[in-house]
Amino acid sequence: MSILSAQNIAAGYNKVEIISDISLNVETGSKVALIGSNGAGKSTLVKAINGLIPISAGHLLWDTVPVQTVKAAMRTRAGIATVPEGRHLFPECSVLENLTAAAIFSKAKEKREESLENIMKLFPRLGERSAQRVGTLSGGEQQMVAIGRALMTQPQLLILDEPSIGLSPRIVGEIFEVLGELSKTGLSLLLVEQNVELSLRFVDYAYVLQQGKITLSGPANDLLDDKKVRAAYLGE
């Protein structure tokens, strides 16, 4: 069953359409990737899904309920959480303050302590640095805070926009190992990445976005073996 379904949606900025006729599904508990080059419209699609920009055409269903006109905050409360590109943390605040700032509504607030405990288990370094200002952390540690902050909202779907960008291979490996553990709990993942090989080896299903349109989709293993995909994104 699809927890998220985009049906022929279009969106953009200042009446300029960036993405159009986009249809994709995220099944409950699945790992899905949206791949494409820089400028393909991936981040625009993320913003359309989480409500930061309006959808100008089509339908967005969350657990079969239309949400394309629902405000961003209410989509978060419904269970859609995003780890944005660039993280958008509060650099002058501590790790703990950044995390707890996300748990401000009923369900998340009730489970705040439980969520904090789980996040510190997933990312032990954050426990060690809970009182440290986020702006003094390494890039990898800040990404852990960003993921933890999203998890504090008790999501059913976690969207990650370019989570590996600017990070060392070791840290990327650690983060994807945690994402794998989260997936085992039933959390649905939508991974938006320029690192195509990393994405396709991690997810179950993938969509290829080019110039604002979905041009290819299928099981990740099939796309990994697709000659066109390998030529376009893996330099082969």
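This write-up is about the structure you can find in this document. (Residues numbered from 1 in each chain as written. Predicted model: local features only at pLDDT ≥ 70, side-chain atom pairs only at ≥ 80, totals over all residues. Heavy atoms only, no water.)

**Regarding the pairing of strand 7 (residues 157-161)**
Our working rule: Here the term buried applies to any residue with accessible area under 20% of the maximum for its type, exposed to any over 50%, and partly exposed to those in between, with areas from a 1.4 Å probe on protein chains only. Helix and strand assignments come from DSSP, with helices taken as H or I runs of at least 4 residues and strands as E runs of at least 2, each series counted from the N terminus. We treat two strands as partners when DSSP finds at least two bridges between them. We call a crossover right-handed when, viewed with both strands directed away from the observer, the connection leading from the first strand over the helix to the second proceeds clockwise.
For strand 7, the tally of buried residues reaches five of five residues, placing the bulk of the element in the interior. Going residue by residue along strand 7, you find Leu157, Ile159 and Asp161 tucked away on one face and Leu158 and Leu160 tucked away on the opposite face as well. As judged from the four bridges shared by strand 6 (residues 80-83) and strand 7, these two strands associate in the parallel manner. Residue Ala81 lies in a different strand from strand 7, and its bridge partner there is Leu158. Judged from the five bridges that link them, strand 7 and strand 8 (residues 188-193) form a sheet pairing that is parallel. Following the sheet pairing, Leu160 is matched in strand 8 by Leu191. With helix 8 (residues 169-184) bridging strand 7 and its parallel neighbour strand 8, the resulting β-α-β unit is right-handed.

**Overview of helix 5 (residues 112-122)**
For the record, the criterion: Note: the arc covers the axis-to-C-beta directions of the helix. Contacts are assigned to residue pairs with any non-hydrogen atoms lying within 4.5 Å of each other.
Turning to helix 5, its buried residues are Ser115, Leu116 and Ile119. Angular distribution of buried residues about the axis of helix 5 spans 100°; they occupy a single face of the element. Facing away from the buried side of helix 5 by more than 90 degrees, the exposed set consists of Glu113 and Lys121. Taken together, the buried residues of helix 5 touch helix 3 (95-100), helix 6 (124-128) and helix 7 (139-151).

**Examining the pattern of salt bridges**
As a reminder of what qualifies: Note on definitions: salt bridges are taken to be side-chain nitrogens of Lys or Arg within 4 Å of carboxyl oxygens of Asp or Glu.
A complete count under the given rule lists nine salt bridges for this structure. In this structure, Glu174 engages Arg125 in a salt bridge whose closest nitrogen and oxygen atoms are separated by 2.3 Å. Remark: Arg125 occurs in helix 6 and Glu174 occurs in helix 8; sequence separation between them is 49 residues. Glu174 gets classed as partly exposed once you look at its relative accessible area, which sits at 26%. Residue Arg125 is classed as partly exposed on the basis of its relative accessible area of 21%. Salt bridges sharing partners connect three or more residues here, namely Arg125, Arg170 and Glu174.

**Brief notes about the sheet that holds strand 5 (residues 65-66)**
Paired through backbone hydrogen bonds, the strands of a sheet run either parallel or antiparallel to each other. What the four strands build is an open sheet, ordered 2-1-4-5; its pairing is antiparallel. Here the strands that pair on one side only, and so sit at the sheet edges, are strand 2 (16-27) and strand 5. Where strand 1 (residues 2-13) meets strand 4 (residues 55-62), six bridges bridge the pair, whose relative direction is antiparallel. Note that in strand 4 the partner of Ala10 across the bridge is Ala57.

Geometric values such as these leave the question of function open.
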